[in-house]
Amino acid sequence: DAKTTQPTSMDCAEGRAANLPCNHSTISGNEYVYWYRQIHSQGPQYIIHGLKNNETNEMASLIITEDRKSSTLILPHATLRDTAVYYCIAFNQGGKLIFGQGTELSVKP
Amino acid sequence: DTAVSQTPKYLVTQMGNDKSIKCEQNLGHDTMYWYKQDSKKFLKIMFSYNNKELIINETVPNRFSPKSPDKAHLNLHINSLELGDSAVYFCASSQAKQFANTGELFFGEGSRLTVL
């Protein structure tokens, strides 16, 4: 599975959009980009995933560049409850979901 | 109605003891997993079962033995506990799609094991 690179930490003001970048320059054609988050003392939570096209659901939007070497997770209106560690994972169907270090997002009032 | 439930949530025990953590999912999923999150917060996959069959077995000491009595349950038994086994253990489940596991896992709330 391709390795991903994320900033260690980020801050975001409450009510503003949080844009979390992820670099996956060695991603292969059949690997999806998955995003999870882990709120303190809870289990990881699936957010969204995509292959080539941009995706949106009730939690977030995922923007994948045309060359698929990077992506951005967008939380449109961050709240204090969005404070968590966000993981970007390149995943091959049937493979292992491998978590990296993630980005620690702090949403501040 | 909890989708993936683990018991116990907290477990404090002495070195050398044997302990088990139980996991149950009511989502009807075919695949279940155990992950370990150590003090540095890294989440590492340990095992995966699909319909009671072991499909992923990472480099884990053989003191750790998963057991899947049916596809809704995956228990983790640990023999001769060591200090380094202290961690939070997460159970998860997923549904197969076109015979391959998807990356959409549903995690339990974790079981915090402390070995003294």
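Everything discussed here concerns the structure shown above.
In this report, the structure presented in the accompanying data block is examined. Source: prediction; values computed, not measured.

Moving on, we get to the overall build of chain A. Within chain A, the secondary structure is distributed over zero helices and nine strands. A compact globule built from 109 residues would reach a C-alpha radius of gyration of about 13 Å, and chain A, at 13 Å, matches this within 12%. Overall size of chain A, expressed as C-alpha extent along the three principal axes, is 40 × 30 × 25 Å. The buried share of chain A, taken over its 109 residues, is 42%.

Let us now look at the overall build of chain B. Scanning chain B from N- to C-terminus turns up zero helices and 13 strands. Traced from its N-terminal end to its C-terminal end, chain B shows the element sequence β-β-β-β-β-β-β-β-β-β-β-β-β. Scaling as 2.2 N^0.38, a compact globule of 116 residues should have a C-alpha radius of gyration of about 13 Å, and chain B matches this with 14 Å. By principal-axis analysis of the C-alpha atoms, chain B measures approximately 45 × 30 × 30 Å. Counting the 116 residues in chain B, one finds 44% classified as buried. A separation threshold of at least 6 residues defines the contact pool for chain B, and within that pool the share at least 24 residues apart is 55%. Here chain B displays about 6,000 Å² of accessible surface, and carbon together with sulfur accounts for 50% of that area. Positive and negative charge centroids in chain B, built from 13 and 12 side chains respectively, lie 5 Å apart.

Before going further, it helps to examine the environment of I55(B). Counting through the fold element by element, I55(B) comes out in strand β6 (residues 53-57). In the structure, I55(B) is positioned 23 residues away from M32(B) in sequence and 9.9 Å away in space, judged by C-alpha atoms.

This next bit is on the packing of aromatic side chains. All names here are of chain A. Scanning all chains against the criterion turns up 13 aromatic pairs over all chains. Here Y36 and Y46 contribute two aromatic rings whose centre-to-centre distance is 5.8 Å and whose plane-to-plane angle is 75 degrees, an arrangement assigned as edge-to-face. Of the two residues, Y36 sits in strand β3 (residues 31-38) while Y46 sits in strand β4 (residues 45-50), which places them ten residues apart along the sequence. Judged on exposure class, the residue Y36 and its partner Y46 are both buried.

So, on to the layout of surface pockets. The gaps left among the atoms become clear once a water-sized probe is rolled over them. If you add up the space inside the largest pocket, you get close to 690 Å³. In terms of lining, the largest pocket is formed by 33 residues, of which the most central are Q38(A), H40(A), S41(A), Q37(B) and K41(B). Top element by residues in the lining of the largest pocket is strand β13 (residues 111-115) of chain B. It accounts for four residues. In the lining of the largest pocket, the residues fall into ten nonpolar, 16 polar and seven charged. Put simply, the second largest pocket is a space of about 370 Å³. Looking at the second largest pocket, it is lined by 17 residues, and the ones nearest its centre are K36(B), L43(B), K44(B), I45(B) and M46(B). Residue contributions to the lining of the second largest pocket peak at four residues, all from strand β5 (residues 43-50) of chain B. By residue class, the composition of the lining of the second largest pocket is nine nonpolar, one polar and seven charged.

A few words now on the interface of chain B and chain A. Counting residues at the interface gives 18 residues for chain B, matched by 17 residues for chain A. Overall, the association of chain B and chain A removes approximately 1,500 Å² of surface from exposure, summing both partners, and the carbon and sulfur fraction of that is 55%. Looking only at chain B, the three residues that lose the most surface to chain A are L43(B), G103(B) and F107(B), adding up to 30% of its buried area. Taken together, the links from chain B to chain A amount to one salt bridge. Residue K96(A) pairs with E58(B) through a salt bridge whose shortest N-O separation is 2.9 Å. Seen at the junction of chain B and chain A, the total is six residue pairs in polar contact (both at pLDDT 80 or more). Listed by contribution, the elements that provide at least two residues to the side of chain B that touches chain A are β4 (31-37), β5 and β11 (100-101) of chain B. In terms of residue class, the side of chain B that touches chain A is built from nine nonpolar, five polar and four charged.

What follows deals with the nonpolar core. Residue and element names in this part refer to chain A. Among the nonpolar cores identified, the biggest contains 21 residues, and L20, W35, L73, L75, Y86 and L105 are the most heavily contacted of them. Take this core: its biggest share by element is four residues, from strand β8 (residues 84-92). Ignoring sequence-local partners within four residues, the contact set of L75 consists of R16, A17, A18, L20, M59, A60, D82, Y86 and L105.

Cut-offs used in this document
Residues numbered from 1 in each chain as written. Chains lettered and ligands numbered in written order. Predicted model: local features only at pLDDT ≥ 70, side-chain atom pairs only at ≥ 80, totals over all residues. Heavy atoms only, no water. Helix = DSSP H or I, 4+ residues; strand = E, 2+ residues; numbered from the N terminus. Rg over C-alpha atoms; globule rule 2.2 N^0.38 Å. Buried < 20%, exposed > 50% of the residue type's maximum accessible area, 1.4 Å probe, protein only. Contact = heavy atoms within 4.5 Å. Areas by Shrake-Rupley, 256 points an atom, 1.4 Å probe, with all protein chains shown as cover. Lys, Arg positive; Asp, Glu negative; His and termini not counted. Charge placed at Lys NZ, Arg CZ, Asp CG, Glu CD. Phe/Tyr/Trp six-rings, centres within 6.5 Å; stacked < 30°, edge-to-face > 60°. 1 Å grid on protein atoms, 1.4 Å probe; cavity = no way out; pocket = protein on both sides within 12 Å on 5 of 7 lines; lining within 4 Å. Points joined across faces, edges and corners; volume = space filled by probe spheres on them. Nonpolar A, V, L, I, M, F, W, Y, C, P; charged D, E, K, R; others polar. Buried area = accessible area lost by both parts, 1.4 Å probe. Salt bridge = Lys/Arg side-chain N within 4 Å of Asp/Glu carboxyl O. Polar contact = N/O pair within 3.5 Å; in protein donor to acceptor, adjacent residues only side chain to side chain. Core = buried A, V, L, I, M, F, W, Y, C linked by side-chain atoms within 4.5 Å.

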